[in-house]
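Now for the letters of each chain:
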Amino acid sequence: MTKKKAHKPGSATIAMNKRARHEYFIEEEIEAGLALQGWEVKSLRAGKANLSDSYVVFRDGEAFLFGATITPLNVASSHVVCEPMRTRKLLLNRKELSSLFGAVNRDGYTIVALSLYWKNAWTKVKIGLAKGKKEHDKREDTRAREWQVDKARIMKNANR
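Note that the structure is a prediction, hence the values are computed from the model and not measured. (Residues numbered from 1 in each chain as written. Predicted model: local features only at pLDDT ≥ 70, side-chain atom pairs only at ≥ 80, totals over all residues. Heavy atoms only, no water.)

Caption draft 1: Broad picture of unusual backbone geometry. Of note, aspartate 60 is a non-glycine position whose phi angle comes to about 55 degrees, a positive value. Overall, aspartate 60 belongs to the exposed group, its relative accessible area being 78%. At asparagine 120, a position not held by glycine, the phi torsion is positive, near 60 degrees. With respect to the helices and strands, the residue asparagine 120 is situated in the loop between strand E8 (110-119) and strand E9 (122-132). (Buried < 20%, exposed > 50% of the residue type's maximum accessible area, 1.4 Å probe, protein only. Helix = DSSP H or I, 4+ residues; strand = E, 2+ residues; numbered from the N terminus.)

Caption draft 2: Representation of the pairing of E8. Across the 10 residues that make up E8, a large majority, eight, are buried. Here E8 pairs with E9 via nine bridges, running antiparallel. The partner of tryptophan 118 across the bridge, within E9, is threonine 123. Hairpin remark: E8 followed by E9, antiparallel, with two residues in the connecting loop; positive phi at asparagine 120, about 60 degrees. (Pairing = 2+ DSSP bridges.)

Caption draft 3: A look at the pairing of strand E5 (residues 62-66). Note that strand E4 (residues 55-59) and E5 share five bridges and pair antiparallel. Residue pairing for E5: tyrosine 55 is matched across the bridge by phenylalanine 66. Where E4 folds back on E5, the antiparallel hairpin that results is connected by two residues, among which aspartate 60 adopts a positive phi of roughly 55 degrees. With two bridges connecting them, E5 and strand E7 (residues 88-91) associate as antiparallel partners. Considered in E7, the bridge of leucine 65 is made with arginine 88.

Caption draft 4: Broad picture of the nonpolar core. Formed by 26 residues in total, the largest nonpolar core has its most connected members in Leu90, Leu92, Leu116, Val125 and Ile127. Sorting the residues of this core by element identifies strand E1 (13-16), strand E2 (24-34), helix H2 (38-45), E5, helix H3 (94-107), E8 and E9 as the ones contributing at least two each. Ranked by residue count, the leading element in this core is E8, at four residues. Setting aside chain neighbours within four positions, we find leucine 90 in contact with Ala32, Gly33, Leu34, Val56, Ala63, Phe64, Leu65, Val125 and Ile127. (Core = buried A, V, L, I, M, F, W, Y, C linked by side-chain atoms within 4.5 Å. Contact = heavy atoms within 4.5 Å.)

Caption draft 5: Expanded view of the packing of aromatic side chains. Enumeration according to the criterion identifies two aromatic pairs in this entry. Ring geometry for tyrosine 55 and phenylalanine 66: centres 5.3 Å apart, planes at 55 degrees, overall tilted. Here phenylalanine 66 lies in strand E5 and tyrosine 55 lies in strand E4, a separation of 11 residues in the sequence. A relative accessible area of 33% places phenylalanine 66 in the partly exposed class. Ring centres 5.3 Å apart and planes at 85 degrees place the aromatic pair phenylalanine 58 and phenylalanine 101 in the edge-to-face group. In this pair, phenylalanine 58 is assigned in strand E4 and phenylalanine 101 in helix H3, connecting sequence segments 43 residues apart. (Phe/Tyr/Trp six-rings, centres within 6.5 Å; stacked < 30°, edge-to-face > 60°.)

Caption draft 6: Summary view of the pattern of salt bridges. Enumeration over the complete set of coordinates arrives at eight salt bridges. Lysine 89 is paired through a salt bridge with glutamate 62; the nearest N and O atoms lie 3.1 Å apart. Of this pair, lysine 89 sits in strand E7 while glutamate 62 is found in strand E5, placing the two residues 27 residues apart along the sequence. A relative accessible area of 31% places lysine 89 in the partly exposed class. (Salt bridge = Lys/Arg side-chain N within 4 Å of Asp/Glu carboxyl O.)

Here you go:
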């Protein structure tokens, strides 16, 4: 007989990068692990993370998350130096690393962080292989979003 695990109330999402979907076409999404220090995990549990200007850089055949801010708690350990904008290593397998590295170097893509979330006890980051949008593409998206809102309003009033 298997025992079901109790689901914690609330969302598993820690932080989202809403601006990334507005600024880029997301071609592919990949889940990656994140190498963190203890104070960072405590801050993430408190929800003190920001991904707004974060992206992925490659160094020595490894991927690093650059520009993500994790604000330290004021009750964190006093003997540890907390650096909020630290470059954090992404945990990806060799096949994922080589395909992302090739896409960035050959095809002119960029890799942006889309969301940060909990998966069981582990912190995961969803990264996206992205191509930049032009201004007219952004206007098209805004027009489509506004039409969806107007359409919902019309349907609501028509059903009365």
